[in-house]
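A closer look at the structure
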Protein chains: 2
Amino acid sequence: MSGKRRETRRRAITAHDVAAMAGGSQSAVSRSFTPGASVAPTTRARVMDAAAALGYRPNLIARSLITRRSGMIGVAMGNLHNQIYPVMLDRLARDLAAQGYSILLFPAPLDGEADPEMAQIMRYQPDAVVLAATSVSSALAVECRAAGLPVILLNRTSLGPGIAQVSSVTGANMAGGHEIGVLVAEAGFHRPAFLAGLDHASTSLEREAGFRAGLAERGLSVHLRANGNFNERDTRAAMFRLLSHRDPPDMVFAASDQMAMVAMDVARTEFGLRVPQDLSLIGFDDAPAAAWPTYNLTTYAQPVADMVAATIGLLMDEIADPTSPPRQIVLRGHLILRGSSRLSSTHDGCEAL
Amino acid sequence: MSGKRRETRRRAITAHDVAAMAGGSQSAVSRSFTPGASVAPTTRARVMDAAAALGYRPNLIARSLITRRSGMIGVAMGNLHNQIYPVMLDRLARDLAAQGYSILLFPAPLDGEADPEMAQIMRYQPDAVVLAATSVSSALAVECRAAGLPVILLNRTSLGPGIAQVSSVTGANMAGGHEIGVLVAEAGFHRPAFLAGLDHASTSLEREAGFRAGLAERGLSVHLRANGNFNERDTRAAMFRLLSHRDPPDMVFAASDQMAMVAMDVARTEFGLRVPQDLSLIGFDDAPAAAWPTYNLTTYAQPVADMVAATIGLLMDEIADPTSPPRQIVLRGHLILRGSSRLSSTHDGCEAL
DNA sequence: CTGAAAGCGCTTACAG
DNA sequence: CTGAAAGCGCTTACAG
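The rules we used
- Residues numbered from 1 in each chain as written.
- Chains lettered and ligands numbered in written order.
- Predicted model: local features only at pLDDT ≥ 70, side-chain atom pairs only at ≥ 80, totals over all residues.
- Heavy atoms only, no water.
- Contact = heavy atoms within 4.5 Å.
- Buried area = accessible area lost by both parts, 1.4 Å probe.
- Salt bridge = Lys/Arg side-chain N within 4 Å of Asp/Glu carboxyl O.
- Helix = DSSP H or I, 4+ residues; strand = E, 2+ residues; numbered from the N terminus.
- Least-squares fit on C-alpha atoms with pLDDT ≥ 70 in both.
- Buried < 20%, exposed > 50% of the residue type's maximum accessible area, 1.4 Å probe, protein only.
- Pairing = 2+ DSSP bridges.
- Right-handed = clockwise from strand over helix to strand, strands pointing away.
- Axes fitted to C-alpha atoms, helices over the stretch in contact; angles between N-to-C directions.
- Core = buried A, V, L, I, M, F, W, Y, C linked by side-chain atoms within 4.5 Å.
- Near = heavy atom within 4 Å.
- Polar contact = N/O pair within 3.5 Å; in protein donor to acceptor, adjacent residues only side chain to side chain.
- Nonpolar A, V, L, I, M, F, W, Y, C, P; charged D, E, K, R; others polar.
- Expected span 1.5 Å × (residues − 1).
- Left-handed = near helix turned anticlockwise from the far one by under 90°.
- Phe/Tyr/Trp six-rings, centres within 6.5 Å; stacked < 30°, edge-to-face > 60°.
- pLDDT = per-residue confidence, 0-100.

Here we take up the interface of chain B and chain A. Counting residues at the interface gives 67 residues for chain B and 67 residues for chain A. Interface area, chain B with chain A, both sides summed: about 6,100 Å², of which 55% is carbon and sulfur. The tally of links from chain B across to chain A stands at zero salt bridges. Elements supplying a minimum of two residues to the side of chain B that touches chain A: helix H4 (60–67), helix H5 (84–98), strand E2 (102–107), helix H6 (115–122), helix H10 (232–244), helix H11 (257–270) and helix H12 (304–320) of chain B.

Written out as structure tokens, the structure is:
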């Protein structure tokens, strides 16, 4: 009768089955599962009993076709090897689950264009999209938003045209870099170096800009600069160049903890330097390993929990009203002074920025 | 006319719109997007032109309702703080994407029961489920499989009843532990300790069993044992207990690299021990940080790429034919001798196991 | 409070 | 090769 393919995947239990068992209509079953719908309590009870007996749960795919709400949030994430991202993803997934949303994960390339794959994700009709990867173009983000699909950039901002047209949540990259720059200058360093990430990444650019501004305020400037590009290989090479320089740096500020840790390994192992006696190192993020005694890394801690909370807040607002104006949220973190740097904590921060 | 709610989310472009523009039926549009469907090349060309002009892409939610294939794979993952899991997830996501599948991510609790949340995921009708967390019960896995939903356990096996009813992919935990046990005994250690993970986790149990067997073959046994439970706090406490013992271990084999690294930090920082002169440390996984010079950790490398490939292979087989018998795949890795342990590499492996 | 009916956007026999 | 029609499993006006 039902000329099924040879698969034995048994036909799923539907609302009709429950209706038959409970002695009601399919509509009644649907209403019983809809909070606030008008059903007699006795009817709902009968339906729920039947549903429990049959193991019925409404099919969310079918529901989303009619409600135009999938309950899924597309998340694009590139560099899962940088500890801070799994930490964010974990938090995001748990907090979204608490609100009844699920994550459709989209692995973005580390470099290059991710837009085609991104378009594929949209075919699943996510209720919103979180972009925590640099490889999805700002242009696409702007386009999504124009089409009424909420987009939140997490730990990045949009550069270029349309910059203010899409929402973002970031740590205080500029302020953090600035605070570090000021402290470094005040601590008496003379040859500060910046270990940059990818040059098109807002995180790296903003941290560098803040760092340079902070140094400049105290009459210092970046002595050396090299690109680690947020990956291990380039970071190692960059550190080799910096430390092989005829006039090597006395401190290195890395655009991420992940790079700072690789930098420390190179300094210690390949150049026999003591940290912080011979070289001070500072990172950014407060990745879990930064606190491990072996690294004991001075770093500007990003407020991950707050960032995720803000992301979800924006998400919910924009889902509720797609016309709500985009917002750029910048959340202050705090500097954590650890043993990898000779720095005093006397500085009182820089509220001015 | 179309009494939309106040949201301005503009009506999506559908196959009807494309049909109207291309001058054909909605069926023709659908066929044009279905590889191998019978459409005249000229018709398909007209449709594709119109689709491109309108920016149309078939709605996968609607498609999956009728095809009963969602193209989504549910992935339950618990401990994203253990580096090996993000690495696996990244690989899994990229390899699945290459086959046209997307990941619906489900953050499993680190301990306790994840079954209710798991049931929620199933409402999205995933084509299969990958469980890489210990908190989803084997009972649920068996149940899914009975219902025709393919389930693959990744980096864990099913314990208890129904053990052979669900597919799994693991590294050679037993063989790896065994190889380490034999080498440790041959290297002349006298007081080996085992730093265990969660006692209900198959990974920890199998690695321990192998280790004990290897030691026993050479007339040695585990001198001390403590539970780190795969988290930092318990691991630190466990190491304090082991190293404070009146007769402390001369080597520690940890059930994961993540624990081994915490153990190394405690040994060095809190007890002033030199590694490996005063204490040898061995881990399991070959997490990225294990190779970093600071840790330079001897470890049994899990073949992550192979494990992911095998998982996808099983997935595809079981999706194609849900009646195909479950398989348990165990993939050999290899021991990587690094500086954290005094071990010789003369041992020739243990093919017998 | 309830059921019959329309419809979400597709795929797929079915009959030309 | 093509179009009209049924139907995937739901939600939601609509009329009782």
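Moving on, we come to the relation of the copies chain B and chain A. Both copies of the chain are related by a screw-like operation: a rotation about an axis and a shift along it. Here chain B sits on chain A after a turn of 180° about the axis and a move of 0.0 Å along it, with an RMSD of 0.0 Å. This pairing of chains is accounted for by a two-fold axis. Ranked by how close their C-alpha atoms come to the rotation axis, the residues of chain B are headed by Leu-104 of chain B, at 2.3 Å. An overlap of 100% is found between the interface residues of chain B and their copies at the interface of chain A, pointing to a shared contact surface.

Take the pairing of strand E3 (residues 128–132) of chain A next. Residues and elements named next belong to chain A. Most of E3 sits inside the fold, with five of its five residues counted as buried. Burial along E3 is two-sided: Ala-128, Val-130 and Ala-132 and Val-129 and Leu-131, pointing in opposite directions, are all buried. Taken together, the five bridges between strand E1 (residues 72–77) and E3 define a ladder with parallel strand orientation. If you follow Met-77 over to E3, its bridge partner there is Ala-132. One crossover worth recording links E3 to the parallel strand E4 (residues 151–154) by way of helix H7 (residues 138–146), and it is right-handed.

All names here are of chain B. Applying the stated criterion across every chain yields a total of 30 salt bridges over all chains. Here Asp-95 and Arg-91 are joined by a salt bridge, their closest N and O atoms 3.6 Å apart. Separated by four residues within a single helix, Asp-95 and Arg-91 lie in helix H5, roughly one turn from each other. Classification of Asp-95 as partly exposed rests on a relative accessible area of 24%. Of the residues examined, Arg-91 reaches a relative accessible area of 39% and is grouped as partly exposed. Linking Arg-218 and Glu-217 is a salt bridge whose minimum nitrogen-to-oxygen distance equals 3.6 Å.

A separate point is the sheet that holds strand E12 (residues 334–336) of chain A. Residue and element names in this part refer to chain A. Strand order in this open sheet of six strands is E7-E6-E8-E9-E10-E12, and the pairing throughout is mixed. Among the strands making up the open sheet, the edge pair consists of strand E7 (224–227) and E12. Each strand of the sheet is rotated relative to its neighbour by a mean of 20°, with strand direction disregarded. When strand E8 (residues 251–254) meets strand E9 (residues 280–285), the two strands line up parallel, connected through three bridges. Bridging across to E9, Phe-253 finds its partner in Ile-282. Relative to the sheet, helix H11 (residues 257–270) contacts strand E6 (192–196), E8, E9 and strand E10 (298–301), its axis offset from that of E9 by approximately 155°.

What follows is about the nonpolar core. Core analysis: the largest hydrophobic core is formed by 100 residues, its most contacted members being Val-184, Phe-211 and Met-239 of chain A together with Val-184, Phe-211 and Met-239 of chain B. Once you skip the residues sitting within four places of it in the chain, Val-184 of chain A turns out to touch Phe-189, Pro-192, Phe-211, Leu-215, Met-251, Ile-282 and Leu-343 of chain A. The next biggest cluster of nonpolar side chains, apart from the first, holds 60 residues, and it includes Met-77, Val-87, Ala-132 and Ile-152 of chain B.

A few words now on the protein's contact with DNA strand D. For DNA strand D, the set of nearby residues contains 25 residues, the closest of which are Gln-26 and Ser-30 of chain A together with Arg-31, Thr-43 and Arg-68 of chain B. When atoms of DNA strand D within 4 Å of the protein are sorted by moiety, sugar and phosphate together comprise 61%. At a separation of 3.0 Å, a base nitrogen of DNA strand D approaches a polar side-chain atom of Ser-27 of chain B. The separation between a phosphate oxygen of DNA strand D and a polar side-chain atom of Thr-43 of chain B is 2.4 Å. When contributions to the surface near DNA strand D are tallied by element, the ones reaching two or more residues are helix H2 (26–32) and helix H4 (60–67) of chain A together with helix H2 (26–32) and H4 of chain B. Residues that form the surface near DNA strand D fall into these classes: 10 nonpolar, 11 polar and four charged.

On to helix H9 (residues 202–217) of chain A. Residue and element names in this part refer to chain A. The end-to-end C-alpha distance of H9, which contains 16 residues, comes to 22 Å, matching closely the 22 Å that a straight helix rising 1.5 Å per residue would cover. Inspection of H9 places Ser-202, Thr-203, Ser-204, Arg-207, Glu-208, Gly-210, Phe-211, Gly-214 and Leu-215 among the buried residues, and these make up the whole buried set. Of the surrounding secondary structure, the elements contacted by the buried residues of H9 are helix H8 (173–186), E6, E7, E8 and E9. The positive-phi residue at the C-terminal boundary of H9 is Gly-219, with phi of around 75°.

Time to look at the packing of helix H8 (residues 173–186) of chain B against helix H9 (residues 202–217) of chain B. All names here are of chain B. Between H8 and H9, the least distance of the axes is 6 Å, while the angle of their chain directions is 35°. Like other packed secondary-structure pairs, H8 and H9 cross with a definite hand, here right-handed. Between H8, through Asn-173, Met-174, Gly-177, His-178, Ile-180, Gly-181, Val-182, Val-184 and Ala-185, and H9, the contact on the second element is made entirely by Thr-203, Glu-206, Arg-207, Ala-209, Gly-210, Phe-211, Ala-213, Gly-214, Leu-215 and Glu-217. Classifying every residue of the contact of H8 with H9 by side-chain character gives nine nonpolar, seven polar and three charged.

This paragraph deals with the protein's contact with DNA strand C. In the neighbourhood of DNA strand C, 25 residues make up the surrounding shell, with Arg-31, Thr-43 and Arg-68 of chain A together with Gln-26 and Ser-30 of chain B lying closest. Restricting the count to atoms of DNA strand C within 4 Å of the protein gives a sugar and phosphate share of 60%. Separating a phosphate oxygen of DNA strand C from a side-chain N or O atom of Ser-25 of chain A is a distance of 3.0 Å. Between DNA strand C and Tyr-56 of chain B, the relevant distance is 3.2 Å, taken from a phosphate oxygen to a side-chain nitrogen or oxygen of the residue. Secondary structure elements with two or more residues in the surface near DNA strand C: H2 and H4 of chain A together with H2 and H4 of chain B. Of the residues in the surface near DNA strand C, the class split is 10 nonpolar, 11 polar and four charged.

A few words now on the environment of Met-88 of chain A. All names here are of chain A. By the secondary structure assignment, Met-88 is in helix H5 (residues 84–98). With 44 residues separating them in the primary sequence, Met-88 and Ala-132 have C-alpha atoms 9.3 Å apart. Sequence-distant contacts of Met-88, defined by excluding residues within four places in its chain, comprise Leu-154, Asn-155, Val-304, Met-307 and Val-308.

All told, the structure shown has 17 aromatic pairs over all chains when counted by the stated rule. On the basis of an interplanar angle of 55° and a centroid distance of 5.4 Å, the ring pair of Phe-240 of chain A and Phe-271 of chain A is categorised as tilted. Pair noted here: Phe-240 of chain A is in helix H10 (residues 232–244) and Phe-271 of chain A is in the loop between H11 and E9, with a separation of 31 residues, a long-range link. With relative accessibility at 28%, the residue Phe-271 of chain A sits in the partly exposed group. Where Phe-194 of chain B meets Phe-211 of chain B, the ring centres are 6.2 Å apart and the plane angle is 35°; that geometry is what we call tilted. Of the two residues, Phe-194 of chain B is situated in strand E6 (residues 192–196) and Phe-211 of chain B in helix H9; the sequence distance between them amounts to 17 residues. What makes Phe-194 of chain B buried here is its relative accessible area of 0%. Linked through ring pairs, Phe-194, Phe-211, Phe-253, Phe-284 and Tyr-300 of chain A together constitute an aromatic cluster.

So, about the confidence of the model for chain A. All names here are of chain A. Per-residue pLDDT for chain A averages 89, and the proportion of residues at 70 or more is 93%. Across residues 1–9 the pLDDT falls below 50, and counting only partners more than four positions away or on other chains, this stretch makes 12 contacts in the model. Below pLDDT 50 for its whole length, residues 346–353 participates in 13 contacts with residues either more than four positions away or in separate chains.

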